[in-house]
Amino acid sequence: MTSSPTSKPGADQHLSPVGRFLKATEIDTRLLGMIGALVLIWIGFHMFGVVAKGNGSFLTPRNLWNLSVQTASIGIMATGMVLVIVTRHIDLSVGSVLGFCAIVMGMVQVYILPDYLGLGHPLIWVIAAAVGMALGTCIGAFHGWLIAYRGIPSFIVSLGGLLIWRGAAFLVARGETISPVDSTFVLLGGGPYGSVGAVGSWIVGLLACAAILWMLVNGRKQRAKHGFAQRPMWAEYFLGALGCAVAIGATLLVNAYPWPKGIVAQYAAAHNMTVPEGGMFISHGYAIPVLILIAVGIFMTILATRTRFGRYVFAIGGNPDAAELSGINTRWMTVKIFALMGFLTGLSSVVASARLNSATNALGTLDELYVIAAAVIGGTSLAGGVGTIYGAILGALVMQSLQTGMVLIGFDAAMQNIVVGVVLVLAVYVDILYRKKTK
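Definitions and limits used
Residues numbered from 1 in each chain as written. Predicted model: local features only at pLDDT ≥ 70, side-chain atom pairs only at ≥ 80, totals over all residues. Heavy atoms only, no water. Helix = DSSP H or I, 4+ residues; strand = E, 2+ residues; numbered from the N terminus. Buried < 20%, exposed > 50% of the residue type's maximum accessible area, 1.4 Å probe, protein only. Contact = heavy atoms within 4.5 Å. Expected span 1.5 Å × (residues − 1). Bend = angle between axes of the 7 residues up to and from the residue. pLDDT = per-residue confidence, 0-100. Salt bridge = Lys/Arg side-chain N within 4 Å of Asp/Glu carboxyl O. Axes fitted to C-alpha atoms, helices over the stretch in contact; angles between N-to-C directions. Parallel < 35°, antiparallel > 145°, perpendicular 65-115°, else oblique. Nonpolar A, V, L, I, M, F, W, Y, C, P; charged D, E, K, R; others polar. Phe/Tyr/Trp six-rings, centres within 6.5 Å; stacked < 30°, edge-to-face > 60°. Core = buried A, V, L, I, M, F, W, Y, C linked by side-chain atoms within 4.5 Å.

Draft legend 1. View of the environment of H143. By the element assignment, H143 lies in helix α5 (residues 124-149). Look at H143 and you get buried, because its relative accessible area is 5%. Taking the C-alpha atoms as reference, H143 lies 26 Å from L424; in sequence the two are 281 residues apart. Once residues within four sequence positions are removed from consideration, H143 is found in contact with S93, V97, V157, G161, W165 and F338.

See the structure below:
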């Protein structure tokens, strides 16, 4: 009764070597497919640059670092969109809510707080960011209340929100661009000063390796405790080595991108340093927006897979009627899910406006489409009940890779929209085929 189940001899002989490997390591085949597609996109754009221009600029530390920063805003919102879609809802308003929150934050830190706290006060960026996230949470909760307690379909509520909050952003700022924002607030958007540097990046990388090894060891203990089948030891070693290799490789990559010469000269002058004749190499390291995305991804994964809230979300998505009959307050859960989506949208508005060092009425335009596409490409089913946080983040990286690659090779905006639309339709079609196959 308490011993670990074991496979019967020869039970897996009908599987191919690849199938046995995937079964032993328990690697998600969808995850492999997305990683494979991402690698093909990266190599394709790089080789196109080599053939067309004589040098490839996609697979360079500079471009990949910028790609990670550009992915952060969409990726943060995509983690929340997973829970919304899993429960068979949709949120078309996230782009407009992002723009509205950014405008309000810009007004707070440029026109309001300096009059009370003084220009450059250290609390300005904290209060502004808190206002943006609180505002996003309230808007999301209001949308959820309309959907859950007034019975208005989420498509209509969020479509109305798309129009209302974009118009509200225009009225608040009278169509003006609010710039520049607080100097400390800007660091949340990345850039040379908005990164943790080489030493900080190595600390992050080593902590990531330690966390990966701890999860493997703890997972093995938990399986033994509850009598579940164990992975072979070689599979544990392989997963640990692979995870640490990815963490160390990412750290080497971000540390390989140096500060621009002009920024180095300014930094050296400000600190009474002499720049050597051959120049000074200062690494960017991990950008703060990327670290925020990683933290959000970890938090949302724990929330979705290790808490009662997450179990309720997937129960509602699997069968809303059965979930309600089992005692789950589905209406209150809907309010909380949309409030969480609003909070993540407010956080994303912090990153997006800080990266631009300004707040504009057009900020976040069409972001809702990229967020939904990222979640769907990442494996979230529009039929509800299925979705992963890491898949949505990978989907955001795929979407941003496509956009960045098309910009590098000179595609105009019209062609970019066509490609994104085709990819979205194909992603949904592949999801339908996958679900039929698994059934």
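Now that the structure has been shown, we can carry on.
Draft legend 2. Representation of helix α3 (residues 61-86) in the model. Look at α3: 35 Å from first C-alpha to last across 26 residues, which is about the 38 Å you get at 1.5 Å a residue. Within α3, the axis deviates most sharply at A72, by approximately 40 degrees. Of all 26 residues in α3, 21 are buried; the element is thus mostly enclosed. Once α3 finishes, R88 follows within two positions and takes phi at roughly 70 degrees, a positive value.

Draft legend 3. Quick look at the confidence of the model for the protein chain. With 97% of its residues at a pLDDT of 70 or more, the protein chain shows a mean pLDDT of 90. Between residues 1-9, whose pLDDT stays under 50, and residues either more than four places distant or in other chains, the model counts eight contacts.

Draft legend 4. Structural detail: the pattern of salt bridges. Per the counting criterion, the structure on display carries five salt bridges. Here R174 ties to E176 by a salt bridge, and the two come within 3.6 Å at their closest N and O atoms. The class for R174 is exposed, based on a relative accessible area of 56%. Assessed through its relative accessible area of 38%, E176 is described here as partly exposed. One network of salt bridges, in which partners are shared, links E26, R220, R223, R231 and E236.

Draft legend 5. Representation of the packing of helix α2 (residues 29-53) against helix α16 (residues 389-408) in the model. In the contact formed by α2 and α16, the axes pass within 10 Å of each other and the chain directions differ by 10 degrees. With respect to their mutual orientation, α2 and α16 come out roughly parallel. For the pair α2 and α16, contact is made by L31, M34, I35, L38, I41, W42, F45 and K53 and by Y390, G391, L394, L397, V398, S401, L402, G405, M406 and L408, respectively. Tallied by class, residues from the contact of α2 with α16 come to 14 nonpolar, three polar and one charged.

Draft legend 6. Highlighting helix α15 (residues 367-377). α15 sits mainly inside the fold: ten of its eleven residues count as buried. All buried positions along α15 are accounted for by D367, E368, Y370, V371, I372, A373, A374, A375, V376 and I377. Count one or two residues on from α15 and you reach G379, which has phi positive near 105 degrees.

Draft legend 7. Structural detail: the packing of aromatic side chains. This model, assessed by the stated rule, comprises nine aromatic pairs. Here F21 and W234 contribute two aromatic rings whose centre-to-centre distance is 5.9 Å and whose plane-to-plane angle is 25 degrees, an arrangement assigned as stacked. One end of the pair, F21, is in helix α1 (residues 17-25); the other, W234, is in helix α9 (residues 233-255), with 213 residues separating them in the sequence. Residue class for F21 comes out partly exposed when judged on its relative accessible area of 28%. By relative accessible area, which is 45% here, W234 ends up partly exposed.

Draft legend 8. How the structure looks around the side chain of S381. Considering the arrangement of structural elements, one finds S381 in the loop between α15 and α16. Taking the relative accessible area as the measure of exposure, S381 reaches 1% and is therefore buried. The residues touching S381, leaving out its near neighbours within four places in the chain, are I85, V386, D431 and R435.

Draft legend 9. Spatial organisation of the environment of K437. Within the secondary structure, K437 is located in helix α17 (residues 413-438). In this structure the C-alpha to C-alpha distance between K437 and Q70, which are 367 residues apart in sequence, comes to 35 Å.

Draft legend 10. Spatial organisation of unusual backbone geometry. The omega angle of the peptide bond from S179 to P180 is -10 degrees, so this bond is cis rather than trans. Tracing the sequence through the fold places P180 in the loop between α6 (154-173) and α7 (183-186). With a phi close to 55 degrees, R174 is a non-glycine residue in the positive phi region. Mapped onto the elements, R174 comes out in the loop between α6 and α7. One non-glycine residue with positive phi stands out, namely N357, at about 60 degrees. Relative to the elements of secondary structure, N357 occurs in the loop between α14 (330-356) and α15.

Draft legend 11. Region of interest: the packing of α1 against α9. Across the interface, α1 lies against α9 with an axial gap of 9 Å and an inter-helix angle of 80 degrees. Taken together, the axis directions place α1 and α9 in an arrangement best described as roughly perpendicular. Within the contact between the two elements, α1 uses F21, A24 and T25 and α9 uses W234, A235, F238 and L239.

Draft legend 12. View of the nonpolar core. One finds I76, M81, L83, F185, M300 and F309 to be the most contacted residues of the largest nonpolar core, which totals 91 residues. No other element matches α3, which puts 13 residues into this core. Non-local contacts of F309, meaning those with residues more than four positions away in its chain, are made with L83, L303, M333, K336, I337 and L340.

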